[in-house]
Amino acid sequence: MKNYFADFHIHVGISESGQWIKIPTSNRLTLRNILEEAAERKGMQIIGIVDALSPLVRKDLQQLVAEGLLVLDTQGGYQYKHKLTLILGAEIETTEPGGGAAHTLIFLPDAAMMEKFATSMSKHIRNINLSSQNAHMSLSRLVSIAASFEAAIVPAHVFTPHKSVYGSCASRLSNILEAAAITAINAVELGLSADTMLADRISELAGFTFLTNSDAHSLDKIAREYNVLCLEDASFQECVHAFSRERGRSIIANYGLDPRLGKYHRTYCLNCNYFAPPGETFSGCCPTCGSNKIVNGVLDRIDAIADSALPMHPAHRPQYRHQVPLSFIPGVGKKVLEKLLANFGTEMAVIHYADDLAIAEVVGAKIAQAITQARIGAASITAGGGGIYGKLAKD
């Protein structure tokens with residue numbers, strides 16, 4: 001068994017032919033560039049792209065296979081330069097009868113299965129070329145269809161105020177899903193504004209494996225959150241076993257932002273820019289200006305729906321480690337980052353393996369200290385909300 005760094009939520013923004021797939025994203029976010037960035041700069045060993053429902057993505061995939069850059073694994077997934085495994089996924093929007101919308105990640109082993117799934121979903125999605133389109137069905141219906149393809153099913157960023165199960169649809173999965181549909185779900189993605197300490201205050205989540213992924217809309221955001229998986233090898237089927245904690249496979253660590261850095265952590269008034277202060281919550285109308293233009297924060301939402309004041313971690317829950325990506329750290333601009341990569345290889349090598357003294361020799365003691373604080377989760381943070389990311393305090 002071996003440990004692998006994995007980020008299962010990366011968007012393909014644009015095709016090689018210049019056609020948009022995910023709007024808005026960076027125009028550098030092609031499948032080819034994603035593979036290069038994830039493998040060579042970030043140091044990821046498994047990634048999931050979540051736009052493979054689009055025929056534009058599958059066409060680019062076929063080109064990379066024809067060039068020999070991608071090779072289909074017998075257990076699913078595609079090997080890239082013997083460095084990284086690509087897992088094919090789709091992010092699909094569903095709508096509940098009450099009007100709440102949610103995004104769900106659907107993973108399949110290869111392009112042939114994804115094409116069959118896309119053919120089925122194209123009956124419900126108006127423009128399947130574009131990512132994260134509304135399927136005009138409930139989550140229950142989507143789970144039923146995806147399960148018939150033996151897909152891995154992962155509700156996405158489940159607490160965010162826009163388009164998530166808990167953020168905009170229901171206070172419990174059991175309110176919108178039958179028991180069989182809940183059983184069909186393989187794992188749950190927490191999102192940037194939540195962590196295990198918050199999520200494990202909801203008892204119905206105890207049976208699920210948690211994933212922490214980047215939801216990257218640009219190349220530099222890849223691996224801002226990621227997981228460490230214990231697998232026999234890097235393939236689709238091994239990842240599914242890990243999601244379900246089968247055959248000794250598992251997620252052994254979640255690495256993610258301190259939730260305060262997420263852009264939806266605290267409730268925020270769009271009218272007067274009022275943040276809910278630490279220890280206080282508000283909903284409905286802003287206590288400062290009276291506006292109802294409120295974006296509910298993840299912390300405040302969990303406070304409202306949790307059935308436990310403190311997290312109740314199940315025995316299988318791995319450690320959640322707060323960590324800040326190198327690009328978030330004050331003082332680590334493009335030139336500093338290039339120096340670090342030139343000396344240590346990848347961001348994962350800098351974050352996990354580089355010695356503090358060795359980093360200081362490359363970028364100086366002050367920046368090295370900031371990197372040390374960030375990679376152990378000790379940096380001072382100002383919380384985010386309302387679509388504005390939290391910030392690390394500068395010296």
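Residues numbered from 1 in each chain as written. Predicted model: local features only at pLDDT ≥ 70, side-chain atom pairs only at ≥ 80, totals over all residues. Heavy atoms only, no water.

### Observations regarding the overall build of the chain
Tallying secondary structure elements over the chain gives 13 helices and 16 strands in all. What you see for the chain is a C-alpha radius of gyration of 20 Å, in line with the 21 Å of a compact globule of 395 residues. Per-residue burial over the chain gives 57% buried out of 395 residues. In the chain, the proportion of contacts linking residues at least 24 apart, taken out of those at least 6 apart, comes to 69%. Carbon and sulfur atoms make up 50% of the accessible area of the chain, which totals about 16,400 Å². Across the chain, the mean location of the 36 positive side-chain charges is 5 Å away from that of the 38 negative side-chain charges. (Helix = DSSP H or I, 4+ residues; strand = E, 2+ residues; numbered from the N terminus. Rg over C-alpha atoms; globule rule 2.2 N^0.38 Å. Buried < 20%, exposed > 50% of the residue type's maximum accessible area, 1.4 Å probe, protein only. Contact = heavy atoms within 4.5 Å. Areas by Shrake-Rupley, 256 points an atom, 1.4 Å probe, with all protein chains shown as cover. Lys, Arg positive; Asp, Glu negative; His and termini not counted. Charge placed at Lys NZ, Arg CZ, Asp CG, Glu CD.)

### Remarks on the pairing of strand β5 (residues 84-95)
Extensive coverage of β5 is indicated by the burial of 11 of its 12 residues. Across four bridges, strand β2 (residues 46-49) lies against β5 in parallel orientation. Within β5, the position partnered with G48 by the bridge is I87. In this sheet, β5 lies alongside strand β4 (residues 78-80) in antiparallel orientation, the contact comprising three bridges. Each residue of the ladder has a partner; that of Y78, found in β5, is L86. Relative to strand β6 (residues 101-108), β5 is paired through eight bridges, and the arrangement is antiparallel. Following the sheet pairing, G89 is matched in β6 by F107. The hairpin formed by β5 and β6 contains five residues between the paired strands, and G99 there has a positive phi angle of roughly 105°. (Pairing = 2+ DSSP bridges.)

### Topic: the packing of helix α1 (residues 31-42) against helix α2 (residues 55-66)
Running from amino to carboxyl end, α1 crosses α2 at an angle of 60°, the nearest separation of the two axes being 9 Å. Seen from α1, the contacting residues are L31, R32 and L35; seen from α2, they are V57, D60, L61, Q63 and L64. A per-class count over the contact of α1 with α2 returns five nonpolar, one polar and two charged. (Axes fitted to C-alpha atoms, helices over the stretch in contact; angles between N-to-C directions. Nonpolar A, V, L, I, M, F, W, Y, C, P; charged D, E, K, R; others polar.)

### Here we look at the pairing of strand β1 (residues 2-10)
For β1, a buried count of seven out of nine residues is recorded, marking the element as mostly surrounded by other parts of the structure. Bridge analysis of β1 against β2 gives three bridges, and the strand direction is parallel. When the sheet's bridge partners are listed, A6 is paired in β2 with I46. In the classification by handedness, the crossover that spans β1, the intervening α1 and the parallel β2 is right-handed. (Right-handed = clockwise from strand over helix to strand, strands pointing away.)

### Concerning the nonpolar core
One recurring pattern in soluble globular proteins is that nonpolar side chains are buried together. Grouped together as the largest cluster of nonpolar side chains are 107 residues, with contacts concentrated most on L53, L86, F117, M121, F159 and L205. Here L86 is in contact with L31, L35, I47, I49, L61, L70, G77 and Y78, once residues within four sequence places are set aside. (Core = buried A, V, L, I, M, F, W, Y, C linked by side-chain atoms within 4.5 Å.)

### A word on the environment of E178
Positionally, E178 belongs in the loop between α5 (165-169) and α6 (179-184). Residue classification places E178 among the exposed residues on the basis of a relative accessible area of 61%. With 38 residues separating them along the chain, E178 and S140 place their C-alpha atoms 7.6 Å apart.

### Here we look at the packing of aromatic side chains
By the definition in use, this model includes seven aromatic pairs. Taking 5.2 Å as the distance between ring centres and 80° as the angle between the ring planes, the aromatic pair formed by F8 and F243 counts as edge-to-face. Note that F8 is positioned in strand β1 and F243 in helix α8 (residues 236-243), a separation of 235 residues in sequence. Residues F117 and F149 carry aromatic rings whose centres are separated by 5.4 Å and whose planes lie at 75° to one another, so their mutual orientation is edge-to-face. Highlighted residues: F117 in helix α3 (residues 111-121) and F149 in the loop between α4 (139-148) and β7 (152-155), separated in sequence by 32 residues. Here F117 matches F149 in class, with each residue buried. Members of the aromatic cluster, connected to one another through ring pairs, are F5, Y226 and Y255. Just above the ring of F210 sits the side chain of R317; from NZ or CZ to the centre is 3.5 Å. (Phe/Tyr/Trp six-rings, centres within 6.5 Å; stacked < 30°, edge-to-face > 60°. Lys NZ or Arg CZ within 6 Å of the ring centre and 35° of its normal.)

### Quick look at the pattern of salt bridges
Scanning the model with the defined rule gives 16 salt bridges in all. Between D307 and R172 there is a salt bridge, and its shortest N-O distance comes to 3.6 Å. Taken together, the residues span a long stretch of sequence, with D307 in the loop between α9 (298-305) and β14 (319-322) and R172 in the loop between α5 and α6 at a distance of 135 residues. When the shortest N-O distance is used, the salt bridge between R260 and D258 registers 2.9 Å. Connected through salt bridges with shared partners, the residues E37, R41, K42, E338 and E347 form a single ionic network. (Salt bridge = Lys/Arg side-chain N within 4 Å of Asp/Glu carboxyl O.)

### Let's talk about the packing of α3 against α4
Contact geometry for α3 and α4: axes closest at 10 Å, N-to-C directions at 145°. Judged by the twist between their axes, the crossing of α3 over α4 is right-handed. Of the residues in α4, those in contact with F117, S120 and M121 of α3 are L142, I145 and A146. When the residues that make up the contact of α3 with α4 are grouped by side-chain class, the tally is five nonpolar, one polar and no charged. (Left-handed = near helix turned anticlockwise from the far one by under 90°.)

### Thoughts on the side chain of E91
Looking at the element boundaries, E91 is found in strand β5. With no salt bridge to any partner, buried E91 finds its closest opposite charge in K22, at an N-O distance of 4.1 Å. A polar atom in the side chain of E91 sits 3.2 Å from the side chain of H11. Among the polar contacts listed, one links the side chain of E91 to the side chain of S132, at a separation of 2.7 Å. Setting aside residues no more than four positions away along its own chain, E91 makes contact with H9, H11, K22, V50, H103, T104, L105, S132, Q133, A156 and H157. (Polar contact = N/O pair within 3.5 Å; in protein donor to acceptor, adjacent residues only side chain to side chain.)

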